[in-house]
Amino acid sequence: MDFALTDDQRAIQDAARAFADAELAPHSAEWDETKHFPVDVMKHAAEMGFCGIYTGEEHGGMALGRVEAAVIFEELSRGDVSTAAFISIHNMATWMIDRFGSDELRARYVPRLVSMELIASYCLTEPGSGSDAAGLRTTAKLDGDHYVLNGSKAFISGAGTSDVYVVMARTGADGPKGISTFVVEKDTPGLSFGAQEKKMGWNSQPTAIVAFDDCRIPAANLLGKEGDGFRYAMMGLDGGRLNIAACSLGGARLALETTLDYVASRKQFGKPIADFQNTQFKLADMATQLDACRLMVMRGAWAMDTNHPDKTKWCAMAKRMATDACFQIADEALQLHGGYGYLKDYPLERIVRDLRVHRILEGTNEIMRVITAREMMRQ
């Protein structure tokens with residue numbers, strides 16, 4: 001058992017850290033304040049290979065593993081949680097097209113997705129089906145050589161800006177086996193977008209309803225086979241859960257590093273607050289939680305890379321633990337800053353706002369417990 005990164009993985013980590021320090025961190029507060037979607041910067045990330053991390057090499061991806069992806073997303077999110085999280089979603093959608101699409105679909109979309117000439121969104125959640133994802137009601141009915149989509153998707157990151165939408169829709173009976181997955185282009189007639197949501201965090205990416213009103217797409221835009229779409233969506237989410245957990249690691253790490261600097265310089269009762277045992281205990285617990293979460297994320301990533309039979313359970317466990325604990329680390333860091341932590345002069349309040357949603361998306365942490373228990377009962 002070797003807990004060290006390889007030389008290649010350390011080089012990837014260094015590259016991601018340098019990119020985040022130069023391109024993300026200096027602008028994070030401004031993007032949050034102005035709700036700016038930094039497409040130009042994400043295209044720079046694509047030049048580094050960060051928009052096709054585990055997409056195959058045939059169409060320009062890096063073909064790296066999930067361990068490398070976790071390393072990259074921790075570093076990127078230390079620069080800006082919200083933007084790193086969107087890059088994660090783009091990677092998931094791109095991988096699904098590359099993994100399950102026909103040769104023609106892959107050749108048409110994947111090269112432009114890994115370069116971020118095209119931006120991708122993932123469309124599963126609906127206004128009436130969140131945790132009950134298999135209860136979705138958006139339909140896709142075959143009409144000659146086209147499918148006609150009707151329905152809507154909610155909380156879609158990139159909605160209105162993204163060029164490509166990976167959409168789960170019902171082609172058959174109720175339940176997961178009646179769901180298929182499609183690629184829908186932005187300018188398709190019948191596709192429209194709601195008003196931008198006003199959110200607590202994740203302000204550097206747009207979020208809105210995606211609506212389908214007799215939206216006709218070529219039948220060739222089906223990924224894989226009819227009825228397999230829910231399985232594809234869940235396979236995408238195993239990796240997506242690790243990515244969002246890794247994004248939580250990066251945000252919490254920035255919060256802890258910022259706090260270490262602050263408590264060393266902030267004086268109360270005649271000495272730095274770092275000298276108080278209470279402060280030291282809090283810092284020790286924060287560091288221990290962060291390290292434990294990272295180990296769980298890496299085990300889940302290793303399980304994905306080796307196709308371990310417990311991969312789904314371990315990904316769910318890692319996502320639940322990391323997103324809960326990292327939010328608490330960020331909140332404790334804010335508390336140690338006192339009133340200053342509540343000000344936008346410091347990054348703490350932004351990190352807290354951005355990390356909060358990680359406990360909800362890619363499957364709520366309550367659903368992570370359901371998955372974990374279900375997988376345990378099967379053994």
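See the structure shown above.
Residues numbered from 1 in each chain as written. Predicted model: local features only at pLDDT ≥ 70, side-chain atom pairs only at ≥ 80, totals over all residues. Heavy atoms only, no water.

Peer 1: Residue-level account of the overall build of the protein, with values.
Peer 2: The helix and strand tally for the protein stands at eleven helices and ten strands. Since a compact globule built from 379 residues should have a radius of gyration of about 21 Å, the 21 Å found for the protein is in line with a globular shape. In terms of overall dimensions, the protein has C-alpha extents of about 80 × 50 × 40 Å along its principal axes. Out of the 379 residues in the protein, the part that is buried amounts to 54%. Considering only intrachain contacts with a sequence separation of at least 6, the fraction spanning at least 24 residues in the protein is 73%. Taken as a whole, the protein presents about 16200 Å² of accessible surface, with 53% of it coming from carbon and sulfur. Of the side-chain charges in the protein, 41 are positive and 51 negative, and the distance between the mean point of each set is 6 Å. (Helix = DSSP H or I, 4+ residues; strand = E, 2+ residues; numbered from the N terminus. Rg over C-alpha atoms; globule rule 2.2 N^0.38 Å. Buried < 20%, exposed > 50% of the residue type's maximum accessible area, 1.4 Å probe, protein only. Contact = heavy atoms within 4.5 Å. Areas by Shrake-Rupley, 256 points an atom, 1.4 Å probe, with all protein chains shown as cover. Lys, Arg positive; Asp, Glu negative; His and termini not counted. Charge placed at Lys NZ, Arg CZ, Asp CG, Glu CD.)

Peer 1: Give me the pairing of strand β7 (residues 207-218): which residues, what numbers.
Peer 2: Direction of pairing for strand β3 (residues 146-157) relative to β7: antiparallel, over a ladder of nine bridges. Note that in β7 the partner of K153 across the bridge is V210. Looking at chain direction, strand β6 (residues 191-193) and β7 are connected through three bridges and run antiparallel. The partner of L191 across the bridge, within β7, is F212. (Pairing = 2+ DSSP bridges.)

Peer 1: Help me get a handle on the pairing of strand β2 (residues 139-143), residues and values and all.
Peer 2: Bridge count between β2 and β3: five bridges; the pairing is antiparallel. Within the sheet, the bridge partner assigned to L142 lies in β3 and is Y147. Joining the antiparallel neighbours β2 and β3 is a turn of two residues, in which G144 adopts a positive phi near 70 degrees.

Peer 1: So what's going on with the pattern of salt bridges? Which residues, and what values?
Peer 2: For the coordinates displayed, the defined rule picks out 27 salt bridges. Put simply, E74 and R294 hold a salt bridge, and the shortest N to O gap is 2.8 Å. Of this pair, E74 sits in helix α4 (residues 66-79) while R294 sits in helix α8 (residues 277-306); the two residues are 220 residues apart in sequence, bridging distant segments of the chain. On the accessibility criterion, E74 (5% relative accessible area) is buried. R106 is the salt-bridge partner of D103, the closest N and O atoms lying 3.5 Å from each other. Residue D103 and its partner R106 are both found in helix α6 (residues 103-114); the two are separated by three residues, about one turn of the helix. What you see here is one network of salt bridges that share partners, running through R17, D21, E74, E75, R78, R253, E257, D291 and R294. (Salt bridge = Lys/Arg side-chain N within 4 Å of Asp/Glu carboxyl O.)

Peer 1: Let's hear about the layout of surface pockets: which residues, and what values?
Peer 2: One number sums up the size of the second largest pocket: a volume of about 570 Å³. Around the second largest pocket sit 18 residues that line it, and D2, F3, L295, M298 and R299 are the ones nearest its centre. If you list the elements that add at least two residues to the lining of the second largest pocket, you get α1 (7-24), α4 and α8. Sort the elements by how many residues they give to the lining of the second largest pocket and α8 lands first, with seven residues. Tallied by class, the residues present in the lining of the second largest pocket amount to nine nonpolar, three polar and six charged. (1 Å grid on protein atoms, 1.4 Å probe; cavity = no way out; pocket = protein on both sides within 12 Å on 5 of 7 lines; lining within 4 Å. Points joined across faces, edges and corners; volume = space filled by probe spheres on them. Nonpolar A, V, L, I, M, F, W, Y, C, P; charged D, E, K, R; others polar.)

Peer 1: Give me the lowdown on the nonpolar core, citing residues and values where you can.
Peer 2: L76, I97 and Y122 are the most contacted members of the largest nonpolar core, which has 96 residues in total. For this core, the leading source of residues is helix α7 (residues 229-265), giving 16 residues. Setting aside residues up to four positions removed in sequence, L76 forms contacts with A16, F19, A20, L24, F50, A84 and I87. Listed in part, the 18 residues of the second largest apolar core include C123, Y147, F182 and A208. (Core = buried A, V, L, I, M, F, W, Y, C linked by side-chain atoms within 4.5 Å.)

Peer 1: How would you summarise empty space enclosed by the protein if you had to cite specific residues and measurements?
Peer 2: To find the voids left in a structure, one rolls a probe of water-molecule size over its atoms. Counted under the stated rule, the structure contains two cavities of 30 Å³ or more. Considered as a void within the structure, the largest cavity measures approximately 50 Å³ in volume. Those elements that provide at least two residues to the lining of the largest cavity are α4, α7 and α10 (348-356). The computed volume of the second largest cavity comes to approximately 40 Å³.

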